[in-house]
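Listed here are the chains, written in short residue letters.
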Amino acid sequence: MGNLGSLNKYFVRYKWRLLLGLAFVSISNLFAVIPPVIIRNVLDQVQSNIDTYHMLDGTALKSDMNSYVFKLVLWNGLLLLGLALMRGVFMFFMRQTIIVMSRLIEYDQKNEIYTHYQELHTHFYKTHFTGDLMNRMSEDVSRVRMYTGPAIMYSTNLIVLSIMCIWGMLRVNPLLTIYVVVPLPLLALSIYIVNRLIFKKSEKIQSQLSDLTTTAQESYSGIRVIKSFVQEHNMLRFFTKTSEDYRKSAINLSLTEAIYFPAMNLFIGLSMLSTVLIGGYLAIQGKISAGNIAEFVIYINLLMFPISSIGWVASMIQRASASQKRINEFLHTKPEIVSPADAIKNEVKGEIRFDKVTFTFQHTGITALKDFSLHIKSGDRVAIIGRTGSGKSTIAQLLLRMYDPQQGAVLVDGVPVKNYDLQHLRTQIAYAPQEAFLFSDSIFNNIRFSGKDATERDVKHAAHLADLEKDIAGLPKGYETVIGERGVMLSGGQKQRMVLARALLKNSNILLMDESLSAVDTQTEKRILENLNTYQKDKTTIVITHRIFTLWNFDKIIVLDHGQIAEQGTHAELMQLNGKYAALYRHQTETAESN
Ligand SMILES: Nc1ncnc2c1ncn2[C@@H]1O[C@H](COP(=O)(O)OP(=O)(O)OP(=O)(O)O)[C@@H](O)[C@H]1O
Ligand SMILES: [Mg+2]
């Protein structure tokens, strides 16, 4: 239960709503416990008047008596109606305060989690699954809400109503009270047990359902692969089995649920029965009146719902506690990469230095860069070439400070990247990542993503630089075309250029392109490089590629191998060296000629 303590700050924040809500719960219950007393009075009076009525047989007073009883019943009936209405009004207020408070807390909590998601380092996302992270924000938060809202409301209701009813009962007859109240905790316990059973079963069903959905989803999105590998039958068999398991569990659950309500009614019936039996016996002895029996029956009725909700509330609190534990675990994960206290926010000119950097990915133990040193002067054009897995993208990741190296330092303008304000550093570097990620939004918004205050002209210029104009003009709604989930409507090369345009819009002094032109044809590549030639004139440009660009004269070309520099120099120097670069160059020109 300790986990739920972290919610107290929210209760403090909404203390007035909470207190008011608790007051409303109490007031609404007050209107619930007055009616039994009135009913008892009326019944007792009617009973004694009936006796008198018979005694007045044959006298003129008899009709007076008649109208007296009628008025008694009428007025008290109206009073009961008024009380019921008042109870309803206060129940409405109770929900408006406590349930609304729980919704506000839910909103705050989601924001807190989301803000934390944004701050966490890249490494965290490599080790946690998206589904799990989504769950914490939706499922877990809504389970916690069941505690901050309904659980608190029902518990208070139970406590207040129990005190009021039991006090009312004790005033009538302590012995009868004990007989009637003692079995009630048994009812609560059995409901708790059945509830847990139902919960366990529905959890299982939930996970089966999510398996089923995943299978269905994968077969829809991977339909082409399934068909081309002729796996329709296997997929269908797998799906049928998952769906059969789900069916069995669902039927099993409905069986348990079917027992739930009849069992509850049985307990209620038994309690009523003993009230009438024992009460009747006491009434015959003259210890209580007949009206008292009716009063008792109403008290029992009032108590039944809150008592049967104990089991329900208890399991609700347990679940909330487990969910809050998961949320706390997440919130207590500290971001590993944060801005220092006196962070630097200078505009970056573009000098970059890697000083004996060694970097190992923690969770795989793969050393992506070993003792890597590199100096790039402001305004230089540098190419980083290497085989797949040689560590090229890692250089980009370290420059953007997605990770911190274990040894050595990365410096921009002579200042370690660790000393910069993290967000400032990232806004200063235009980065076109290798993985072209687009949002299911319009082309315009996807390009403008990097700068919210960019004008339409800026966006169009960026699209022009990335040679996207013709492609966009060919689309039905131009810039306003919505490109589908992750940009499914675009070709691989179009996506790459969208990502490039998005980076170019930033107009930063450092441009970092990671395989940005690998999926475009030579003509398009030529046009883009020509555009960039002028645009990037005095700015630092780093091109990560596995293909040599002969159109550009790089100030420096680095050949990376297993996280280390194998060769470096200008094109002419490397050709003269006649090593890996020269071999790659020859291979590339030969294949180009044979095509
Ligand atoms: N997030 C990661 N977690 C663990 N290991 C990683 C991660 N990213 C890359 N690696 C490993 O680090 C090494 C270098 O990867 P990197 O992405 O820098 O290669 P690359 O040169 O960009 O390759 P490619 O040309 O295929 O993009 C590889 O061996 C890779 O398996
Ligand atoms: Mg890469």
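Residues numbered from 1 in each chain as written. Chains lettered and ligands numbered in written order. Predicted model: local features only at pLDDT ≥ 70, side-chain atom pairs only at ≥ 80, totals over all residues. Heavy atoms only, no water.

## A word on the overall build of the chain
Broken down by element type, the chain carries 19 helices and 10 strands. If you line up the chain on its principal axes, its C-alpha atoms span 135 × 60 × 50 Å. Here the chain holds 595 residues, and 43% of them are scored as buried. Put simply, of all contacts in the chain between residues at least 6 apart along the chain, 77% involve residues at least 24 apart. When the accessible area of the chain is evaluated, it comes to approximately 32,100 Å², of which 60% is carbon and sulfur surface. In the chain, which carries 62 positive and 52 negative side-chain charges, the distance between the mean positions of the two groups comes to 5 Å. (Helix = DSSP H or I, 4+ residues; strand = E, 2+ residues; numbered from the N terminus. Buried < 20%, exposed > 50% of the residue type's maximum accessible area, 1.4 Å probe, protein only. Contact = heavy atoms within 4.5 Å. Areas by Shrake-Rupley, 256 points an atom, 1.4 Å probe, with all protein chains shown as cover. Lys, Arg positive; Asp, Glu negative; His and termini not counted. Charge placed at Lys NZ, Arg CZ, Asp CG, Glu CD.)

## Topic: unusual backbone geometry
Residue Lys356 is not a glycine yet carries a positive backbone phi of 45°. As for its position among the elements, Lys356 is in strand β1 (residues 352-360). We classify Lys356 as exposed; its relative accessible area is 52%. With phi around 45°, Asp371 is a residue other than glycine that occupies positive phi space. Among the secondary structure elements, Asp371 is positioned in strand β2 (residues 367-376).

## Description of the coordination of the magnesium ion (ligand 2)
Tetrahedral coordination by four donors puts the ideal angle at the metal at 109.5 degrees, and octahedral coordination by six puts it at 90 or 180 degrees. Only Ser393 (OG) and Gln434 (OE1) from the protein coordinate the magnesium ion (ligand 2), and they sit 1.9 to 2.1 Å from it. With Ser393 in helix α11 (residues 392-399) and Gln434 in the loop between β6 (429-432) and α13 (443-448), this pair connects stretches of sequence that are 41 residues apart. (Donors = N, O, S within 2.8 Å, 3.2 Å for Na, K, Ca; no water.)

## Some words on the site of ligand 1
Of all residues adjacent to ligand 1, which total 16 residues, the nearest are Thr388, Lys392, Ser393, Thr394 and Gln434. Gly391 is positioned with one of its backbone polar atoms (N or O) 3.0 Å from an oxygen atom of ligand 1. Residue Ser393 places a side-chain N or O atom 2.7 Å away from an oxygen atom belonging to ligand 1. Contact with the protein chains hides 74% of the accessible area of ligand 1, taken as 630 Å² for the molecule alone. In terms of residue count, α11 provides more of the shell around ligand 1 than any other element does, three residues in total. When the residues that make up the shell around ligand 1 are grouped by side-chain class, the tally is four nonpolar, nine polar and three charged. (Near = heavy atom within 4 Å. Polar contact = N/O pair within 3.5 Å; in protein donor to acceptor, adjacent residues only side chain to side chain. Nonpolar A, V, L, I, M, F, W, Y, C, P; charged D, E, K, R; others polar.)

## Brief notes about the nonpolar core
Judged by nonpolar contacts, the single largest core of 44 residues is most densely connected at Ile443, Ile447, Met498, Leu500 and Leu532. No other element matches helix α16 (residues 492-504), which puts six residues into this core. Excluding its chain neighbours within four sequence positions, the residues that come into contact with Ile443 are Ile472, Leu475, Gly478, Tyr479, Thr481, Ile483 and Met498. Core analysis: the second largest hydrophobic core is formed by 39 residues, Leu72, Met94, Ile113 and Leu331 among them. (Core = buried A, V, L, I, M, F, W, Y, C linked by side-chain atoms within 4.5 Å.)

## Considering the sheet that holds β6
The six strands are arranged β6-β7-β8-β3-β9-β10 in an open sheet whose pairing can be described as mixed. Each edge of the open sheet carries a strand with a single partner, namely β6 and β10 (564-569). Pairwise comparison of adjacent strand axes, ignoring direction, gives a mean angle of 15° for this sheet. Relative to β10, strand β9 (residues 556-561) runs antiparallel, the two sharing five bridges. In the strand pairing of β10, Asp561 is matched with Gln564. (Pairing = 2+ DSSP bridges. Axes fitted to C-alpha atoms, helices over the stretch in contact; angles between N-to-C directions.)

## Notes on the pairing of strand β3 (residues 381-386)
The two faces of a sheet get side chains in turn, since along a regular strand they alternate between them. Of all six residues making up β3, six are buried, and the element is well covered by its neighbours. Judged by which residues are buried, β3 turns out to be covered on both faces: Arg381, Ala383 and Ile385 on one side and Val382, Ile384 and Gly386 on the other are all buried. Pairing analysis gives five bridges linking β3 to strand β8 (residues 540-545), with the strands arranged parallel. Pairing of Ile384 across the sheet is with Ile544, part of β8.

## So, the sheet that holds strand β5 (residues 415-416)
Whether parallel or antiparallel, the strands of a sheet pair through hydrogen bonds between backbone atoms. Taken in spatial order, the four strands make up an open sheet running β2-β1-β4-β5, and their pairing is antiparallel. In the strand order of this sheet, the two ends are held by β2 and β5, each with one partner. Here β1 runs beside β2; their pairing, made up of six bridges, is antiparallel. Paired with Thr360 across the bridge in β2 is Thr367.

## Some points on the pattern of salt bridges
Inspection of every chain in the model, using the stated rule, returns 16 salt bridges. The salt bridge involving Arg387 is made with Asp561; its shortest N-O contact spans 3.7 Å. Pair noted here: Arg387 is in the loop between β3 and α11 and Asp561 is in strand β9, with a separation of 174 residues, a long-range link. In this structure, the salt-bridge partner of Lys580 is Asp561, at a minimum N-O distance of 3.1 Å. (Salt bridge = Lys/Arg side-chain N within 4 Å of Asp/Glu carboxyl O.)

## With respect to the packing of helix α14 (residues 456-465) against helix α17 (residues 522-535)
The N-to-C vectors of α14 and α17 enclose an angle of 125°; their axes lie 8 Å apart at closest approach. With respect to each other, α14 and α17 are oriented oblique. Between α14, through His461, His464 and Leu465, and α17, the contact on the second element is made entirely by Ile528, Asn531 and Tyr535. (Parallel < 35°, antiparallel > 145°, perpendicular 65-115°, else oblique.)

## Examining the layout of surface pockets
Counted as a void, the largest pocket has a volume near 2,300 Å³. What lines the largest pocket is a set of 43 residues, among which Thr122, Met402, Arg426, Tyr431 and Phe449 lie closest to the centre. Ranked by the residues each element gives to the lining of the largest pocket, the list is headed by helix α12 (residues 422-428), at four residues. When its residues are assigned to classes, the lining of the largest pocket shows 20 nonpolar, 13 polar and 10 charged. (1 Å grid on protein atoms, 1.4 Å probe; cavity = no way out; pocket = protein on both sides within 12 Å on 5 of 7 lines; lining within 4 Å. Points joined across faces, edges and corners; volume = space filled by probe spheres on them.)

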